[in-house]
Amino acid sequence: MKIKLTQRLLALAAMVPTGSRVADIGTDHALLPCFLIEEKKAALVIGTDLHQGPFERARQTVWEKGLEAYIELRLGDGLTVIRPGEVDTVVIAGMGGTAMRKILAEAPEVVGRLQKLILQPMTNPETLRFWLQEQGWVIDQEDLVYEDKQYYQIIGAVPLSPGNTVHCPFPCGKDVARFQELAPYYGPLLIQNRHPLLAGLLSRDLEGMQMTLEQLAKATQKEARLRYKEYAQRTEKIMELKQWLSVVNPSSI
Ligand SMILES: C[S@@+](CC[C@H](N)C(=O)[O-])C[C@H]1O[C@@H](n2cnc3c(N)ncnc32)[C@H](O)[C@@H]1O
């Protein structure tokens, strides 16, 4: 029976260029590598994991599917187990944004030879978007998935080159320029394309921010008051974005 992926993993797979050589870092169950081979999206996949348990799980799935000839599994930390030029696409999903940034930053020889990065951070997506921008990567695809009561942002990026003219600092369109400061957090393309799930993600964040604001409002220290001001401004901007997303013809406002 063919592998059935969840929405989140399907969205990751959809960003993989057809025929690519892929490394799935932190593969765990190896469902994505198996799917990419079964669907003939990837020519080969290297699945890696830092921990023995997930590595064994991955081995089991690949063996059950009889895909050992196409999927190589390696035990090790981040991109240290990948040689430069061995793959052209790297997927890292299901880890914190800061950990993912560290994995990328520590392997410039491998990252420098890539054609595509596909990232799904569980936290701090902004840290990855800032890193991509600093390192000359262009965010060319973004998606947002709601699964198991959680929102997942997925970022696809390509290296900046004369051919990749889609490069824009966050975000590009003139009617979304006023949301520039939110773009690293909520995605320049998710905003620009008015992703249908974005308003839900904003509402969820606003709820959390409202509680933080109430706490900060009670504090008397100067630092807390400054943070309150910062948070209040951010909340207002998010509310403005949410309002903009709900308008049928945004260029009219
Ligand atoms: C939550 S799972 C995500 C699995 C899969 N990528 C997905 O999105 O469904 C995170 C996996 O990353 C692995 N991991 C964490 N840090 C890692 C690192 N530095 N290098 C490789 N794998 C790592 C963990 O062992 C775990 O199996």
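A quick note: this is a predicted structure, and the numbers were derived from the prediction, not measured. (Residues numbered from 1 in each chain as written. Predicted model: local features only at pLDDT ≥ 70, side-chain atom pairs only at ≥ 80, totals over all residues. Heavy atoms only, no water.)

Now for the overall build of the chain. Along its length, the chain carries 10 helices and seven strands. In summary, the chain has a C-alpha radius of gyration of 20 Å against a globular reference of 18 Å for 253 residues, a match within 12%. When the backbone C-alpha atoms are referred to their principal axes, the chain occupies close to 60 × 40 × 35 Å. Taken over 253 residues, the chain has a buried fraction of 47%. Within the chain, residue pairs in contact and separated by at least 24 positions form 67% of the contacts whose partners lie at least 6 positions apart. If the 29 positive side-chain charges of the chain are averaged to one point and the 30 negative ones to another, these points end up 4 Å apart. (Helix = DSSP H or I, 4+ residues; strand = E, 2+ residues; numbered from the N terminus. Rg over C-alpha atoms; globule rule 2.2 N^0.38 Å. Buried < 20%, exposed > 50% of the residue type's maximum accessible area, 1.4 Å probe, protein only. Contact = heavy atoms within 4.5 Å. Lys, Arg positive; Asp, Glu negative; His and termini not counted. Charge placed at Lys NZ, Arg CZ, Asp CG, Glu CD.)

For the rest of this paragraph, the subject is the packing of aromatic side chains. Two numbers describe a pair of aromatic rings. These are the distance of the centres and the angle of the planes. By the definition in use, this model includes two aromatic pairs. Between Tyr-146 and Tyr-151, the aromatic rings sit 4.5 Å apart at their centres with planes inclined by 45°, giving tilted as the arrangement. We classify Tyr-146 as partly exposed; its relative accessible area is 43%. Taking relative accessible area as the criterion, Tyr-151 reaches 19% and is therefore assigned buried. (Phe/Tyr/Trp six-rings, centres within 6.5 Å; stacked < 30°, edge-to-face > 60°.)

All right, on to the environment of Glu-236 then. As for its placement among the helices and strands, Glu-236 is situated in helix α10 (residues 222-246). Between the C-alpha atom of Glu-236 and that of Leu-206, which follows or precedes it by 30 residues, the distance is 9.5 Å.

Sheet topology note: the strand β2 (residues 42-49)/strand β3 (residues 71-75) ladder contains five bridges and is parallel. Among the inter-strand pairings, Asp-49 is bridged to a residue of β3, identified as Leu-75. With helix α3 (residues 52-65) bridging β2 and the parallel β3, this β-α-β connection has right-handed handedness. (Pairing = 2+ DSSP bridges. Right-handed = clockwise from strand over helix to strand, strands pointing away.)

With that settled, consider α10. Taking 1.5 Å per residue, 25 residues should reach 36 Å; α10 reaches 36 Å between its end C-alpha atoms and fits that length. Of the positions making up α10, those classed as buried are Ala-224, Thr-235, Lys-237, Ile-238, Leu-241, Trp-244 and Leu-245. Where the residues of α10 are buried, they touch α7 (183-186), α8 (188-192) and α9 (198-218). (Expected span 1.5 Å × (residues − 1).)

The environment of the ligand is formed by 17 residues, the closest being Arg-8, Gly-26, Asp-49, His-51 and Asp-77. Contacts to the ligand include Gly-78, whose backbone N or O atom sits 2.8 Å from a nitrogen atom. One of the backbone nitrogen or oxygen atoms of Ala-93 is found 3.0 Å away from a nitrogen atom of the ligand. The fraction of the free accessible surface of the ligand (600 Å²) that becomes covered by protein chains is 80%. Of all the secondary-structure elements, those providing two or more residues to the shell around the ligand are α1 (7-14) and β4 (89-95). The element contributing the most residues to the shell around the ligand is β4, with three residues. Its residues placed into classes, the shell around the ligand shows six nonpolar, seven polar and four charged. (Near = heavy atom within 4 Å. Polar contact = N/O pair within 3.5 Å; in protein donor to acceptor, adjacent residues only side chain to side chain. Areas by Shrake-Rupley, 256 points an atom, 1.4 Å probe, with all protein chains shown as cover. Nonpolar A, V, L, I, M, F, W, Y, C, P; charged D, E, K, R; others polar.)

This part is about the domain arrangement of the chain. Parsing the chain into structural domains produces domain 1 (7-164) and domain 2 (167-253). In this assembly, 19 residues from domain 1 lie in contact with 17 residues from domain 2. Both sides together, the interface formed by domain 1 and domain 2 hides about 1,500 Å², and carbon and sulfur atoms give 68% of it. Among the residues domain 1 hides against domain 2, the three largest losses belong to Glu-142, Leu-144 and Tyr-151. Together they make up 38% of the total. Take the side of domain 1 that touches domain 2: its biggest share by element is 10 residues, from strand β6 (residues 137-147). Considered class by class, the residues forming the side of domain 1 that touches domain 2 number 10 nonpolar, four polar and five charged. (Domains from an automatic or database assignment. Buried area = accessible area lost by both parts, 1.4 Å probe.)

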